[in-house]
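# Residue-level structural notes
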Amino acid sequence: MNSLFGQAKDNASDAETKKAAADDSGSQKDKDETEKKVRVPGWVKVNMDGEVIGRKVDLNAHRSYKTLALALEIMFTKPSAGLCASNSTKSLKLLENSCEYQMTYEDRDGDWMLVGDVPWEMFVGSVKRLRIMRTSDASGLG
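Note that this is a predicted model, so its numbers are computed, not measured.

Below, the discussion takes up the packing of aromatic side chains. Applying the stated criterion to the full structure yields 4 aromatic pairs. Each ring, one from Tyr-105 and one from Phe-123, has its centre 4.8 Å from the other, and the planes form 90°; the classification is edge-to-face. Here Tyr-105, found in strand E3 (residues 101-107), pairs with Phe-123, found in helix H3 (residues 120-126); they are 18 residues apart in sequence, far enough to count as distant. Taken as a pair, Tyr-105 and Phe-123 share a single burial class, namely buried. Ring centres of Trp-120 and Phe-123 lie 5.4 Å apart, and the angle between their planes is 40°; on these two criteria the pair is classed as tilted. One end of the pair, Trp-120, and the other, Phe-123, are both in helix H3, 3 residues apart, so they sit about a helical turn from each other. We classify Trp-120 as buried; its relative accessible area is 11%.

The biggest cluster of nonpolar side chains holds 23 residues, and the ones touching the most others in it are Val-57, Leu-68, Leu-72, Phe-123, Leu-130 and Ile-132. Put simply, the parts of the chain that give this core at least two residues each are strand E1 (43-48), helix H2 (65-77), E3, H3 and strand E5 (127-134). In contact with Leu-130, not counting residues within four places along its chain, are Val-44, Lys-45, Val-46, Asn-47, Val-57, Leu-68, Leu-72, Thr-104, Tyr-105, Val-115 and Phe-123.

Strand order in the open sheet formed by 5 strands is E2-E1-E5-E3-E4, with mixed pairing between adjacent strands. Whereas interior strands pair on both sides, the edge strands pair on one side only; in this sheet they are strand E2 (55-58) and strand E4 (112-114). Within the sheet, the average angular offset between the axes of one strand and its neighbour, ignoring direction, is 30°. Taken together, the 7 bridges between E3 and E5 define a ladder with antiparallel strand orientation. Note on E5: the bridge partner recorded for Tyr-105 is Leu-130. Contacting E1, E2, E3 and E5, H2 crosses the sheet at an angle of about 150° to E2.

Rules used throughout
Residues numbered from 1 in each chain as written. Predicted model: local features only at pLDDT ≥ 70, side-chain atom pairs only at ≥ 80, totals over all residues. Heavy atoms only, no water. Phe/Tyr/Trp six-rings, centres within 6.5 Å; stacked < 30°, edge-to-face > 60°. Helix = DSSP H or I, 4+ residues; strand = E, 2+ residues; numbered from the N terminus. Buried < 20%, exposed > 50% of the residue type's maximum accessible area, 1.4 Å probe, protein only. Core = buried A, V, L, I, M, F, W, Y, C linked by side-chain atoms within 4.5 Å. Contact = heavy atoms within 4.5 Å. Pairing = 2+ DSSP bridges. Axes fitted to C-alpha atoms, helices over the stretch in contact; angles between N-to-C directions.

Function cannot be inferred from these measures alone, as they are strictly geometric.
This is how it looks when you write it as C-alpha cells:
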C-alpha cells in the first residue's frame, strides 16, 4: 500500500514539474513574441541633400541624439579617401534649429519626422532611414 501511495506521489510531482516546464516555455514564447514586436536597432541608411553618396550608421553604437548627430557630422564633413565632400570644412550642427541642415527620419509607417521630436528609445524602435535635408525643405515636418 505504501508503495502505491509513494508511486502516486511521484506521479503527481512529475506532473507538476512538467506543468511548470510548460508554463516556463509558454512564458518564454510570449517573451520571444514581444521581443519580435519591438524593433531591434541596427544599421540604417543616411542620405544628405547635395551629397551623391549615402552612408549607413549603426544605431547600436549610439545612446542619444547627440552622439548620433556628432557621428553624422563627422561622416559627412570629413573627406574620405577617394571621395570629395562638398562641405568638408563646414560644421553641420545638426541638432540646432538655426542650422542650414536638419536631421529627419522615415518611421516604419512611412511618415517623415524631425529627429529629436520623440524620446530616443521610441526613435530607435521606429526609424527606417535617415535624411539630412536643408532646413528650408524640412519646414513642413514635425
